[in-house]
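One-letter residues, chain by chain:
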Amino acid sequence: MQIFLNGEAQQTNCENLQQLIQALALEGKRFAVEKNEMIIAKSKLEQTPIADQDRIEIIHAVGGG
């Protein structure tokens, strides 16, 4: 299916947001996920399915000084 990840069209076989996070190697990192303009809690990633044409934004925190 096709999704829009951070504004760019992408193909994915991931069935839920948790699988997408794993595919992007973001597990254990600090990030926030928004699906179709709704913020999704990390505790709900596995229960949140991905559908064709979903718009997903992932923002991850970068440390620095």
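Residues numbered from 1 in each chain as written. Predicted model: local features only at pLDDT ≥ 70, side-chain atom pairs only at ≥ 80, totals over all residues. Heavy atoms only, no water.

1. Here we look at the packing of aromatic side chains
Where we set the bar: For Phe, Tyr and Trp, rings pair up if their centres lie within 6.5 Å, where Trp contributes its six-membered ring, and each pair is then called stacked (planes under 30 degrees apart), edge-to-face (over 60) or tilted (otherwise). The criterion is that NZ of a Lys, or CZ of an Arg, lies within 6 Å of the ring centre and within 35 degrees of the ring normal, and then a charge sits over that ring.
Under the definition given, this model contains 0 aromatic pairs. Across from the ring centre of F31, 4.3 Å away, lies the NZ or CZ of K42, which sits over that ring. Above the plane of the ring of F4 lies R55, whose end atom (NZ or CZ) is 4.2 Å from the centre.

2. Some details on the sheet that holds strand β1 (residues 2-5)
Selection criterion: Strand pairing requires that DSSP identify at least two bridges connecting the strands. Strands are runs of DSSP state E lasting at least 2 residues, helices are runs of H or I lasting at least 4, and numbering of each runs from the N terminus. Orientation is described by axes fitted as lines to C-alpha atoms, over the contacting stretch for helices, and by angles from 0 to 180 degrees between their N-to-C directions.
Pairing is mixed across the open sheet formed by 5 strands, whose spatial order is β2-β1-β5-β3-β4. If you trace the sheet from one side to the other, it starts and ends with β2 (8-11) and β4 (38-40), each paired once. Taking the axes of each pair of neighbouring strands and ignoring which way they run, one obtains an average angle of 35° across the sheet. Sheet topology places β1 next to strand β5 (residues 55-60); 2 bridges connect them, and they run parallel. Looking across to β5, one finds that L5 is bridged to I56.

3. Here's the deal with the confidence of the model for the chain
Cut-off, in case you're wondering: Residue-level confidence of the predictor is what pLDDT reports, using numbers from 0 through 100.
For the chain, per-residue confidence averages 94 on the pLDDT scale, and residues scoring 70 or more make up 97% of the total. Mean pLDDT across the elements of the chain ranges from a minimum in β5, with 95, to a maximum in β1, with 98.

4. Describing the pattern of salt bridges
Rule in force here: Here, a salt bridge means any side-chain nitrogen of Lys or Arg that lies within 4 Å of a carboxyl oxygen of Asp or Glu. Remark: exposure states derive from per-residue accessible area (1.4 Å probe, protein chains only) relative to the maximum for the residue type, with buried under 20%, exposed over 50%, and partly exposed in between.
Tallied over the full model, the rule gives 1 salt bridge. With a shortest N-O distance of 3.6 Å, D54 and K35 are connected by a salt bridge. Highlighted residues: D54 in the loop between β4 and β5 and K35 in strand β3 (residues 31-35), separated in sequence by 19 residues. Each member of the pair, D54 together with K35, is buried.

5. A look at the pairing of β2
Put simply, side chains in a regular strand alternate between the two faces of the sheet. Bridging between β1 and β2 involves 4 bridges; their strand directions are antiparallel. Bridging from a neighbouring strand, I3 pairs with Q10 of β2. Two successive antiparallel strands, β1 and β2, enclose a turn made up of 2 residues, where N6 displays a positive phi of approximately 50°.

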